[in-house]
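# A structural walkthrough
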Amino acid sequence: MNHKLVILSVASLSLVSCKKEAPKEDGPKPFPVVQVEARNLTGYQTFPATIEGRVNNDVRAKIQGYITQLLVDEGQYVTKGQPLFRLETNILSQNAAASKAGIGAAESNIAAAQAAVNAANVEVNKLKPLVQKNIISNVQLQTAQANLAQAQAQLQQARAAKSQAVANYKGVEANIEYSIIRAPISGVIGKLPLKVGSLVGPSDQMPLTTISDTSQIYAYFSMNEKEYFDFLEKSPGSSMPQKIKNLPMVELQLANGSLYPEKGRIEAITGQIDATTGTIQFRVAFSNPQKLLSNGNSGTIRFPQPYENVLVVPESATYEQQGIVYVYKVDKGDTARNVVVNVIDRIDNLALIKSGINKGEKVVAAGTGGIKPGTAIKPKPVKMDSLVQSIKPKF
């Protein structure tokens, strides 16, 4: 019995000691805190863009024939008038020789006709005084005059035949010249789908190649109706030409993420909304002195959006619930209270705030997932720039 009392006493003492040794609840946890600042920043609206050369010219054959020579290669820069292809000319050369012989025959006919005219003219001049002296009848003179008129008509026909022969010859010569297909503009040769031995002609649907003048390139991008009307409202100017003139220069982000070194200017906007896509197209001109861009490239147009004296907090200070954005404002020095904010843009890990907080107020900069409204915290002031620069982008 005594042993049982001792055991119960020890157990009771153990329970009491365990209760006394239970850890106490921790105090307020430290959280990084920043002051709301006002800054001048530039954001960017982005739009996918397609790139084309300033002029894209399809090269086609003017005559039918087989390709006998390819004188250029894909991607080669050519100048206007430079030979690109040669077509067969055997039959054309034969036609040219025949046409030239036709010119010689026509010249012989002209000479014969001219001699007949001269003889008929002599006959008329010989008969005129005889008729005037009534030595011969007027009928003989009229016959001679008729013969003269006929000879003159034959001379005109011979001359017309020569003109036709010359035209035929020039036509064949032109075809021989067309057998050398030349560059219509200066630019870069595109794909060469047809090789030596291919039969080509003016009615072919597929061009021999395309030459792109890329000394200047055009980037085309589109806005939907809402973006377009927002653009019209924000752009200064009373007319469309004035609005286009007053637009800022834009940037081109290439497919690898780098920025093209030259800035571009919006030159034109299509006059109507595309009914199938509900968008309106813009054209931006970029100079291309190094020929870095080519026809068919893609990229992204970055349209600058300046913000002056706008309130900013780190993006990590914001969190979203059911489409509403909040931050935790530090109240009374050590209490986190959530407030709704209106975020108008996000730039370089900063959230731009339109309303909900004021300049100079303090907000929890990070770790908001571990806080509840009204939670006591231990503020740990940090600099905003050091915080946002430490955030690594996620891909």
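This write-up is about the structure you can find in this document. From a predicted model like this one, the values you see are computed outputs, not experimental measurements.

All of the buried residues in helix 4 (residues 225-234) are Tyr228, Phe231 and Leu232. Each buried residue of helix 4 lies within a common arc of 100° when the element is viewed along its axis, so the set occupies one face. Exposed residues lying more than 90 degrees from the buried face of helix 4 are Lys226, Glu233 and Lys234. Looking at the buried residues of helix 4, the elements they touch are strand 9 (209-224), helix 5 (240-245), strand 11 (265-269) and strand 12 (279-287).

Let us now look at empty space enclosed by the protein. Here the structure, examined in full by the defined rule, presents one cavity of 30 Å³ or more. In this structure, the largest cavity occupies an estimated 40 Å³ of space. Along its surface, the largest cavity is lined by Val59, Arg60, Ala61, Leu194, Val200, Gly201, Asp204, Met206, Pro207 and Leu208. Tallied by class, the residues present in the lining of the largest cavity amount to seven nonpolar, one polar and two charged.

This paragraph deals with the pairing of strand 16 (residues 335-340). Along any regular strand the residues' side chains alternate between the sheet's two faces. Relative to strand 16, strand 15 (residues 324-331) runs antiparallel, the two sharing six bridges. Paired with Tyr326 across the bridge in strand 16 is Val340. Taking the residues that link successive antiparallel strands as the turn, the strand 15-strand 16 hairpin has three residues, and the phi of Lys332 there is positive, at about 60°. In this sheet, strand 20 (residues 375-381) lies alongside strand 16 in antiparallel orientation, the contact comprising two bridges. What sits directly across from Ala336, in strand 20, is Thr375.

What counts as what
Residues numbered from 1 in each chain as written. Predicted model: local features only at pLDDT ≥ 70, side-chain atom pairs only at ≥ 80, totals over all residues. Heavy atoms only, no water. Buried < 20%, exposed > 50% of the residue type's maximum accessible area, 1.4 Å probe, protein only. Helix = DSSP H or I, 4+ residues; strand = E, 2+ residues; numbered from the N terminus. Arc of directions from axis to C-beta. Contact = heavy atoms within 4.5 Å. 1 Å grid on protein atoms, 1.4 Å probe; cavity = no way out; pocket = protein on both sides within 12 Å on 5 of 7 lines; lining within 4 Å. Points joined across faces, edges and corners; volume = space filled by probe spheres on them. Nonpolar A, V, L, I, M, F, W, Y, C, P; charged D, E, K, R; others polar. Pairing = 2+ DSSP bridges.

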